[in-house]
Amino acid sequence: MSFANHPIKIILPFGPPGFSSRVGFALQSHLSEFLETEITFEHITGGLGGSNGPKAAAKCAPDGHSLLMATIGNIALLPNILPDYGIDPIKNFEPITKIAATPNILVARHGLGVTSLDDILQIAKERPGKLKFHGINERSIHMLEFKSLITEANIQLSSVKPDGGSEGAIEAIKTGKVDLTITTGPRLLEGIQSEEFLAIAAISDQRTPFYPEVPTMKELGLNTIGGGSWTGLFAPKGVSNKILEEIFEATINASQRSSVIQQLSEQAASIDLNNSLKDAVTFVKNETERLRKACIVSNFS
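All of these numbers come straight from a predicted model, not from anything done at the bench.

A.B. asks: How should the overall build of the protein be read in this particular structure?
C.D. replies: In terms of helices and strands, the protein carries 10 helices and 11 strands. Taking 301 residues into account, the globule formula puts the C-alpha radius of gyration at 19 Å, and the protein, at 19 Å, falls close to it. When its C-alpha atoms are laid out on the principal axes, the protein stretches across 65 × 40 × 30 Å. When burial is assessed residue by residue, the protein has 54% of its 301 residues classed as buried. For the protein, long-range pairs separated by at least 24 residues make up 79% of all intrachain contacts whose partners lie at least 6 apart in sequence. When the accessible surface of the protein is totalled, it reaches about 12500 Å², and 47% of it is carbon and sulfur. Side chains of the protein carry 27 positive and 32 negative charges; the gap between the two charge centres is 7 Å.

Structure, rendered in structure tokens:
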């Protein structure tokens, strides 16, 4: 092992409730076991779309002792919409592997009088701009999902200033300040189960066992919105292939522990790994290109 007695720091670009943080916490002890060293976390949050964490990680020494638990948004989306981001996911990072995926869920406030996406589209067409939505962040994957919905369904929705991230959106839904929001499954699970708001549609490639009764956007005829959220592990550019392979193998082994699978399953997430370092690079390239096209179609910049 290359890490004995030298801790590995994983930078988390979102706070403890965030999807990437949840995945990191679930893996921590198992990664430590396989790599035979301490795993620590540093939350470097903030910036449009969680951009501060990747910016900091890209500046770290390429020795394998500093890693990034990144997301679909700050790896594959932001390079397409932030001209001054200064981050290219392939030029600035070594993708190690995608680790976990979760559906994003469109939810509506109780009292809106809707039970389906058709109901929402009918209101939006009969009263353009009446429905208000919270897009989490001006440059989030969830804002793109709303823009895609608006474009493909040819409707008008009114965006409120997305203060407070996902927590702010959930609070706004509960208090009736907004009608709709989209965010990751783990953040919404408790509120959906307790019927604090209503799940309308899942943004995922297929129905998820976490929300089996919730149809996907693709089932409902909307094809450009995408396939939900993912998080993965990245190293600064220049880390040796030997070290990358060690981290890759440790991450694969840790992710397949039954306790990790169970812990993420209880939070509406699932393990979803790349097959190799090369496969991880291809995956990131494809996701970045997919979102580039979605941004163009939805005029999201």
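A.B. asks: Just checking my understanding: could you explain the pairing of strand β2 (residues 39-43) for this structure?
C.D. replies: For a regular strand, side chains alternate in direction, first toward one face of the sheet and then toward the other. As paired elements, strand β1 (residues 8-12) and β2 share five bridges and run parallel to each other. Following the sheet pairing, Ile10 is matched in β2 by Phe41. Following the chain from β1 across helix α1 (residues 19-35) to the adjacent parallel β2, one finds a crossover that is right-handed.

A.B. asks: So what exactly am I meant to see when it comes to the packing of aromatic side chains here?
C.D. replies: The geometry of an aromatic ring pair is captured by two quantities: the separation of the ring centres and the angle between the planes. Applying the stated criterion across every chain yields a total of four aromatic pairs. Seen from their ring centres, Phe25 and Phe41 are 5.4 Å apart, and the 75° between their planes marks the pair as edge-to-face. Highlighted residues: Phe25 in helix α1 and Phe41 in strand β2, separated in sequence by 16 residues. Its relative accessible area of 34% is what places Phe25 among the partly exposed residues. Judged by its relative accessible area of 21%, Phe41 is partly exposed. With a centroid separation of 6.2 Å and 75° between ring planes, the pair formed by Phe93 and Phe234 is classed as edge-to-face. Highlighted residues: Phe93 in strand β4 (residues 93-102) and Phe234 in strand β10 (residues 229-236), separated in sequence by 141 residues. Per residue, the accessibility class of Phe93 equals that of Phe234, and both read buried.

A.B. asks: Help me out: how do you make sense of unusual backbone geometry in this one?
C.D. replies: Backbone phi values are negative for most residues with the exception of glycine, while trans is the configuration of most peptide bonds. Despite not being glycine, Asn154 has its phi angle at roughly 55°, a positive value. With respect to the helices and strands, Asn154 occurs in the loop between α5 (141-153) and β7 (158-159). When its relative accessible area of 66% is taken as the criterion, Asn154 is described as exposed. Even without glycine at this site, Ala268 takes up a positive phi of about 65°. By secondary structure assignment, the location of Ala268 is in the loop between α9 (258-265) and β11 (270-271).

A.B. asks: Quick question: what am I supposed to make of the environment of Ser276 here?
C.D. replies: Within the secondary structure, Ser276 sits in the loop between β11 and α10 (277-298). Residue Ser276 is classed as partly exposed on the basis of its relative accessible area, which comes to 27%. Aside from chain neighbours lying at most four places away, what touches Ser276 is Ile96 and Phe248. A polar side-chain atom of Ser276 sits 3.0 Å from the main-chain amide nitrogen of Asp279.

A.B. asks: What should I look at first to understand the nonpolar core in this one?
C.D. replies: In globular proteins that are soluble, nonpolar side chains generally tend to be buried together. Core analysis: the biggest nonpolar cluster contains 53 residues, and Leu106, Leu149, Leu157 and Leu180 have the highest contact counts within it. Counting residues per element, this core draws most heavily on α5, which supplies seven residues. Excluding residues that lie within four positions of it along the chain, Leu106 makes contacts with Leu117, Ile120, Phe146, Leu180, Thr181, Ile182, Leu198, Ala199, Ile200, Ala201 and Met217. Counting residues in hydrophobic clusters, the runner-up holds 29 residues, among them Leu31, Met69, Ile247 and Leu277.

Conventions used here
- Residues numbered from 1 in each chain as written.
- Predicted model: local features only at pLDDT ≥ 70, side-chain atom pairs only at ≥ 80, totals over all residues.
- Heavy atoms only, no water.
- Helix = DSSP H or I, 4+ residues; strand = E, 2+ residues; numbered from the N terminus.
- Rg over C-alpha atoms; globule rule 2.2 N^0.38 Å.
- Buried < 20%, exposed > 50% of the residue type's maximum accessible area, 1.4 Å probe, protein only.
- Contact = heavy atoms within 4.5 Å.
- Areas by Shrake-Rupley, 256 points an atom, 1.4 Å probe, with all protein chains shown as cover.
- Lys, Arg positive; Asp, Glu negative; His and termini not counted.
- Charge placed at Lys NZ, Arg CZ, Asp CG, Glu CD.
- Pairing = 2+ DSSP bridges.
- Right-handed = clockwise from strand over helix to strand, strands pointing away.
- Phe/Tyr/Trp six-rings, centres within 6.5 Å; stacked < 30°, edge-to-face > 60°.
- Polar contact = N/O pair within 3.5 Å; in protein donor to acceptor, adjacent residues only side chain to side chain.
- Core = buried A, V, L, I, M, F, W, Y, C linked by side-chain atoms within 4.5 Å.

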